[in-house]
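Chain residues, written in single-letter form:
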Amino acid sequence: MTEALERFLVDLDTEIRRRGDWGDVADYIPELARVDPAQFGIAVSLADGQTVTAGQASKPFSIQSVSKVFSLACVLGRIGEQVWTRVGREPSGRPFDSILLLEQEHGRPRNPFINAGALVTTDELLTGRAPKEALSEILAFVRAAAEDEDIHIDKAVASSEAETGYRNVALANYLKSFGNLKSQPEMTLGTYFHQCAIEMSCVQLARAGRVIAGLPDAPRLLTPLKARRINALMMMCGHYDGSGDFAFRVGLPGKSGVGGGILLIAPERASIAIWSPGLNAYGNSMMGTYAAEQLAQRMEWSVFGCRTG
C-alpha cells in the first residue's frame, strides 16, 4: 500500500501544480501576505509507522488555527470536562472571527475552534501562570507528539498578528465584558498570537497528529476518550462555516489554519498534514481541501464507513 500511496501523492502534487488554481493568501496578516500561494506539500503518517510525502512536505509554515487542536488537548489534560462551562461544542455557521454569536449567546463561544473559543481555551491555560509557561506547555505537547524538538514559534508572524489583529482584540474585550476571560485581554491575546505563530512542516504536523488518530506508534499523550472528543469537534467545527462542506466532500475530521495548513485524521489509520497557502472563500486552504478530498476517495477513508465511487 505504501508504494501505491507514494505514487498517488506524487501524481496529486503534479496535478495540483498543473491546475495552478491556488486561491488567495491571508493578506490581513502582513507576514502571511508575503507568502507565495503557489506551493503545496503533503505528508501521511500511517499506522505501520511510515510517513509518505510529496511536494514541499519538509518546508515549515505557520500552522495558525491548527494550533487550537493542541491547546485544546492541553486544556483537556489540565481541567478535563470543566472547559465546557466556558465554551460550547456546536458548529458556529459563522466566519471564524465573527462577533455576532458572541453577543447573542452572552459571551460563551460556540466552540473552541473559532477565534473567540480559542481565546477562552488559551486563557484557561494562562490561569495562575505567565504567558511563557502557557506557551511552553503547548510547545512541549506538540514536540512530544511529533517526537521532534525542532519546532518553534515564528516571532515575526506573532508580531505581525499583534499589529493587525483588531478583530481578535475586540473579541477578547467582549469576552472580558461577559466575565469569560480570567486574564487581562492583552495577556491572553499575546499568548494566542504566539500560539498561532508556531511553525511546522507537513511531516512534523502529520507526526504530531498521530496522538489524535490513535496510531500504534504515537506517544501516549491523550486518552482514547479525549482523542475521540477532539476528532468530533474537528469534524463539526474544524473548518468554520465551511465545516459541513468539508465533511460532505472529505468525510474525515480536519482542522484548518489561515496559513494554509490542514491537519486531517483517519482514526486508527493515518494522520495527514497538507499545506497550500492560498485560501478559499471560507478561509481554508483551496488546494489543501482538494487534496484532502482526493486522498480520502483514493484510500476509501471515511468515518462514515462507506466506500466511495
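Everything discussed here concerns the structure shown above.
Keep in mind that this is a model prediction, so the values were computed, not measured.

Parameters at a glance
Residues numbered from 1 in each chain as written. Predicted model: local features only at pLDDT ≥ 70, side-chain atom pairs only at ≥ 80, totals over all residues. Heavy atoms only, no water. Axes fitted to C-alpha atoms, helices over the stretch in contact; angles between N-to-C directions. Helix = DSSP H or I, 4+ residues; strand = E, 2+ residues; numbered from the N terminus. Parallel < 35°, antiparallel > 145°, perpendicular 65-115°, else oblique. Left-handed = near helix turned anticlockwise from the far one by under 90°. Contact = heavy atoms within 4.5 Å. Nonpolar A, V, L, I, M, F, W, Y, C, P; charged D, E, K, R; others polar. Expected span 1.5 Å × (residues − 1). Buried < 20%, exposed > 50% of the residue type's maximum accessible area, 1.4 Å probe, protein only. 1 Å grid on protein atoms, 1.4 Å probe; cavity = no way out; pocket = protein on both sides within 12 Å on 5 of 7 lines; lining within 4 Å. Points joined across faces, edges and corners; volume = space filled by probe spheres on them. Pairing = 2+ DSSP bridges.

Engineer: Please clarify how the packing of helix α3 (residues 67-79) against helix α5 (residues 115-126) should be interpreted in this entry.
Structural biologist: What describes two packed helices is the angle between their axes and the distance between those same axes. Taken N-terminus to C-terminus, the directions of α3 and α5 make an angle of 45°; their axes are 9 Å apart at the nearest point. It follows that α3 is oblique to α5 by the angle criterion. Between α3 and α5 lies a crossing of left-handed hand. Every residue of α5 that contacts α3 at Lys68, Ser71, Leu72, Cys74, Val75, Arg78 and Ile79 is listed here: Asn115, Ala118, Thr121, Glu124 and Leu125. Considered class by class, the residues forming the contact of α3 with α5 number six nonpolar, three polar and three charged.

Engineer: Explain α3 to me, please; I cannot follow it from the model alone.
Structural biologist: Since there are 3.6 residues in each turn of an α-helix, residues three or four apart along the chain are aligned in direction. With 13 residues, α3 extends 19 Å from end C-alpha to end C-alpha; this agrees with the ideal 18 Å at 1.5 Å per step. Burial analysis of α3 places 10 of its 13 residues in the buried class, the great majority of the element. The set of residues buried in α3 consists of Ser67, Lys68, Val69, Phe70, Ser71, Leu72, Ala73, Cys74, Val75 and Leu76. Looking one or two places after α3, you find glycine 80, whose phi comes out positive at around 65°.

Engineer: What am I meant to see in unusual backbone geometry here?
Structural biologist: Even without glycine at this site, glutamate 147 takes up a positive phi of about 55°. For glutamate 147, the position within the fold is in the loop between α6 (131-146) and β4 (152-153). The phi dihedral of glutamate 300 is positive, around 55°, even though this residue is not glycine. With respect to the secondary-structure elements, glutamate 300 resides in the segment after α14 (286-299).

Engineer: Just checking my understanding: could you explain empty space enclosed by the protein for this structure?
Structural biologist: The probe, sized like a water molecule, is rolled over the atoms to show the empty space still left. For the coordinates displayed, the defined rule picks out one cavity of 30 Å³ or more. Quantified by volume, the largest cavity comes out at close to 70 Å³. Forming the boundary of the largest cavity are Ser92, Arg94, Pro95, Ser98, Leu101, Leu102, Glu105, Arg108, Pro109, Arg110, Ile114 and Ala116.

Engineer: What am I meant to see in the sheet that holds strand β3 (residues 61-62) here?
Structural biologist: Where strands meet in a sheet, backbone hydrogen bonds hold them as pairs that are either parallel or antiparallel. On the basis of which strands lie adjacent, the open sheet formed by three strands has the order β3-β5-β4 and antiparallel pairing. Each end of this open sheet is capped by a strand with a single partner; those strands are β3 and β4. The sheet contact formed by β3 and strand β5 (residues 198-200) spans two bridges and is antiparallel. From the neighbouring strand, phenylalanine 61 faces β5, where its bridge partner is methionine 200.

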